[in-house]
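So the chains spell out like this:
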Amino acid sequence: MQIREYQQWLEAWDKARGWDRVAPAHTLIHALEELGEVARLMLQWEGYKDAASPEKLHADLEEELSDVFVFLFKLAYQTGVDVEAALARGQAKAEGRYDDTEQARAMLARYHARQAEEYERLTQK
């Protein structure tokens, strides 16, 4: 499936049901609601909360991420954003910003070290 084709399909599908007439701000609210469900599942993924099973957790995460994507694609068509073109620009930006892989790895090492320091600080109380 091509990204642009999906975006066009979603817009046509919504229009056939009248769902294209939802305010973009409400579409964003729905996307945030779905993202909250993803956040709840990530707490299970990382072991903070119990999950029924790894298989169910993975299936639930797949479903909720799909819901987030649907609302983001909808927000994009509602605001005239071509997702495929936007992703291409974002890819070029990332390539330009983090072209030096050694520098990027050093940034990640600093990030992980800071996380470890913070974890140590929190567990010393």
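Preceding this section is the structure that the text describes.
A brief structural summary. Residue positions are given per chain, counted from 1 along the sequence in the order it is written. Local features in a predicted model are, by the rule used here, given only for residues with pLDDT of at least 70; side-chain atom pairs are given and counted only at 80 or more, and totals for whole chains, interfaces and linings are based on all residues. Excluding hydrogens and water, the side-chain figures rest on all heavy atoms present in the structure.

## A look at a nonpolar patch on the surface
Exposure above 30% relative accessible area and the absence of a salt bridge qualify a residue for a patch, where like charges join within 9 Å and nonpolar side chains (Val, Leu, Ile, Met, Phe, Trp, Tyr) within 5 Å. Residue exposure ignores everything except the shown protein chains as possible cover, and the areas themselves are Shrake-Rupley values with a 1.4 Å probe. A carboxyl oxygen of Asp or Glu within 4 Å of a side-chain nitrogen of Lys or Arg is what we treat as a salt bridge. A grouping of Leu28, Leu32 and Leu35 is seen on the molecular surface, where their side chains present a nonpolar patch of about 260 Å² in accessible area. Where helices and strands are cited, they refer to DSSP runs of H or I of at least four residues and of E of at least two residues respectively, numbered from the N terminus. As for its position among the elements, Leu28 is in helix H2 (residues 24-45).

## Considerations on the packing of helix H1 (residues 3-17) against helix H4 (residues 83-97)
Helix axes are fitted to C-alpha atoms over the stretch in contact, other axes to C-alpha atoms as well, and angles between N-to-C directions run from 0 to 180 degrees. Put simply, H1 and H4 touch, their axes get as near as 8 Å, and they point 145° apart. Counted together, Ile3, Arg4 and Gln7 of H1 and Val83, Glu84, Ala85 and Leu87 of H4 form the full contact between these two elements. Charged means Asp, Glu, Lys or Arg here, nonpolar means Ala, Val, Leu, Ile, Met, Phe, Trp, Tyr, Cys or Pro, and polar covers whatever is left, Gly included. Split into classes, the residues belonging to the contact of H1 with H4 amount to four nonpolar, one polar and two charged. Two residues qualify as a contact provided that any one of their heavy atoms is within 4.5 Å of a heavy atom in the partner residue.

## Describing the side chain of Thr27
Position of Thr27 relative to the elements: it lies in helix H2. Non-local contacts of Thr27, meaning those with residues more than four positions away in its chain, are made with Val22, Phe71, Lys74, Leu75 and Gln78.

## A short note on a negative patch on the surface
Residues Glu95, Asp99, Asp100 and Glu102 make up a contiguous surface patch of negative charge. Checked against the element boundaries, Asp100 lands in the loop between H4 and helix H5 (101-123). Residues scored as positive are Lys and Arg, those scored as negative are Asp and Glu, and His as well as the terminal groups of each chain are ignored. Taken as the charge centre is NZ of Lys, CZ of Arg, CG of Asp or CD of Glu, depending on the residue.

## Concerning H1
Each helix should span, by expectation, one fewer than its residue count multiplied by 1.5 Å. Under the 1.5 Å per step criterion, the end-to-end length of H1 is 21 Å for 15 residues, consistent within 8% with the ideal 21 Å. Every buried residue of H1 is listed here: Tyr6, Gln7, Leu10 and Asp14. Along the axis of H1, the buried residues cluster in a sector spanning 100°; they form a single face. Close packing links the buried residues of H1 with helix H3 (54-78) and H4. Relative accessibility thresholds used throughout: buried, under 20% of the residue-type maximum; exposed, over 50%; partly exposed, between the two (1.4 Å probe, protein chains only). This arc is taken over the directions from the axis of the helix to the C-beta atoms.

## Thoughts on the pattern of salt bridges
It is possible for side chains bearing opposite charge to pair when their charged atoms get close. Applying the stated criterion across every chain yields a total of eight salt bridges. Where Glu84 meets Arg4, a salt bridge forms, and the shortest distance between an N and an O atom there is 3.6 Å. Residue Glu84 is located in helix H4, and its partner Arg4 is located in helix H1; the two are separated by 80 residues in the primary sequence. For the salt bridge of Glu118 with Arg114, the shortest nitrogen-to-oxygen distance reads 3.6 Å. Linking Glu118 with Arg114, this pair stays in helix H5, spanning four residues, or about one helical turn. The class of Arg114 is partly exposed, set by a relative accessible area of 46%. Here the salt bridges share partners, and the residues they tie into one network are Arg114, Glu117, Glu118 and Arg121.

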